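# Fold and geometry: a report
In case you want the letters, here they are:
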Amino acid sequence: MCSSDLKSQCVEVADDGTCARYDDKPVAYALIPSAAQPVEPRLTVTGTTTYPSSGQILFVTVSQPPITLLDWFVARDNPAARLWTYTDKYGTSTPEQQLRSGQRQMTGAKDRATYVALKAAGFDVQRTLGPAVVDYVVCMKQNDKGTKCLEEAPAASLLQPDDVITKVNGLDIATIEDIPKALADVKAGDEVDVELRRGSDTVTGRVKTVLAEGEATPRTILGFVPIDTTLVVLPEGLSVEFDTGSIGGPSAGLAFTLTLIDTVTPGQLMGNQRVAVTGEIDIDGNVGAIGGLNSKASAVKQMGVKYFLVPASQPETGNDSVAAARRVVGDDVEVIPVATLEEALAVLVRLGGDPLPASGVSA
């Protein structure tokens, strides 16, 4: 039996972590634990004093391999795994688009982690906006289950991923913040002239604007989601590099942030502990929810790590809930939700680590 013939994925998880209800959609992939890996060997900092650590922060990954019939029997009731259809894995994107998106998300995660960590450590680090680059066109209408886009914004007739917007409605566009200015007097539904750079070519056309959904104040938009092209400007001579290879996604942001703080500040942030960490980080130090939490919890348990920091903003139910992670690890791992960098630092102090110096450090 090939993977495309496999049926029955779990659509409802019981309180004990087993599957309470299946459907008959064909499944082709499984989301399973991968590894919990130390961040420190992947981090290189030059141009400032660095400090050795007696502890270790680990970031956690999952994998999404195609499955065989045997895999299906093993995974279907495993609380640390979940079965996925092609749409579950790729949504409305192609595999190539999703790979590219994952790499962009990882780049953004590293940049935000660098900015937040160095700010917390007292360095004079700045952020500047980059060009307005298209990631994807927004979806205007989905199917009932939200698994497929039925209608894209009209901008799809012109815009493509990686297009650099250079002019809108006659105004030059240097950064993404210039686009709302160019559309300030445009009514949703009106067409505007757009100029863009696609590779080495200049492309022009007209785009029918749309109304931004879910916003209290009506706002006209072109109808695309931009790539985060914000640049982090470090003090002169300071260099920070995270070597993540082909790993994609934004979920290692908090782990990167904590490791960098520990590297550039005196003291021992983790004490002698090994602490697994997952969660996005934004520029204000807030910790964002991630996917695959039950599988990541299993990877942490398999590595023998006793503490696992996770986002407090995870959904309340389902495989990505804190409760699901705790069912997977039992009493072997303490799963600790945190909402901000400050809360994560406080947890590390509770586990025996040193607090940050009150005045930070200087570059």
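This structure is a prediction, so every number in the text was calculated from the model and none was measured.

## Considering the confidence of the model for the chain
Here the chain averages 82 in pLDDT, and 75% of its residues register 70 or above. Note that pLDDT drops below 50 for residues 18-22; the model gives that stretch 21 contacts with residues more than four away or on any other chain.

## Some details on the environment of Gly 205
Position of Gly 205 relative to the elements: it lies in strand S14 (residues 201-208). Exposure remark for Gly 205: the relative accessible area of 21% places this residue in the partly exposed category. Taking C-alpha positions, Gly 205 is 9.3 Å from Leu 159, a pair spaced 46 residues apart along the chain. When sequence neighbours within four positions are dropped, the list of residues in contact with Gly 205 reads Leu 158, Val 192, Asp 193 and Val 194.

## Overview of the nonpolar core
The biggest cluster of nonpolar side chains holds 42 residues, and the ones touching the most others in it are Leu 254, Leu 258, Leu 260, Val 275 and Leu 309. With seven residues, helix H5 (residues 253-264) is the single largest residue contributor to this core. In contact with Leu 254, other than residues within four places in its own chain, are Val 277, Thr 278, Gly 279, Glu 280, Ile 281, Val 287, Val 338, Leu 341 and Ala 344. Counting residues in hydrophobic clusters, the runner-up holds 22 residues, among them Val 138, Leu 158, Ile 179 and Phe 224.

## Some thoughts on the packing of aromatic side chains
Where two aromatic rings form a pair, the distance of their centres and the angle of their planes describe that pair. In this structure the tally under the stated criterion is two aromatic pairs. Seen from their ring centres, Phe 242 and Phe 256 are 4.6 Å apart, and the 20° between their planes marks the pair as stacked. Note that Phe 242 is positioned in strand S19 (residues 239-242) and Phe 256 in helix H5, a separation of 14 residues in sequence. Grouping residues by exposure puts Phe 242 and Phe 256 together as buried. Members of the aromatic cluster, connected to one another through ring pairs, are Phe 59, Phe 242 and Phe 256. The ring centre of Tyr 115 lies 5.4 Å from the NZ or CZ of Arg 127, which sits over that ring.

## Describing the pattern of salt bridges
Applying the stated rule across the entire model yields eight salt bridges. The salt bridge involving Asp 178 is made with Lys 181; its shortest N-O contact spans 3.7 Å. In this pair, Asp 178 and Lys 181 both sit in helix H4 (residues 178-182), three residues apart, roughly one turn of the helix. Taking relative accessible area as the criterion, Lys 181 reaches 56% and is therefore assigned exposed. A salt bridge links Asp 193 to Arg 206, with the nearest nitrogen and oxygen atoms 2.7 Å apart. Note that Asp 193 is positioned in strand S13 (residues 191-198) and Arg 206 in strand S14, a separation of 13 residues in sequence. The exposure class assigned to Asp 193 is partly exposed, which follows from its relative accessible area of 43%. With relative accessibility at 44%, the residue Arg 206 sits in the partly exposed group. One continuous salt-bridge network, built from bridges that share partners, spans Glu 191, Asp 193 and Arg 206.

Calculation criteria
Residues numbered from 1 in each chain as written. Predicted model: local features only at pLDDT ≥ 70, side-chain atom pairs only at ≥ 80, totals over all residues. Heavy atoms only, no water. pLDDT = per-residue confidence, 0-100. Contact = heavy atoms within 4.5 Å. Helix = DSSP H or I, 4+ residues; strand = E, 2+ residues; numbered from the N terminus. Buried < 20%, exposed > 50% of the residue type's maximum accessible area, 1.4 Å probe, protein only. Core = buried A, V, L, I, M, F, W, Y, C linked by side-chain atoms within 4.5 Å. Phe/Tyr/Trp six-rings, centres within 6.5 Å; stacked < 30°, edge-to-face > 60°. Lys NZ or Arg CZ within 6 Å of the ring centre and 35° of its normal. Salt bridge = Lys/Arg side-chain N within 4 Å of Asp/Glu carboxyl O.

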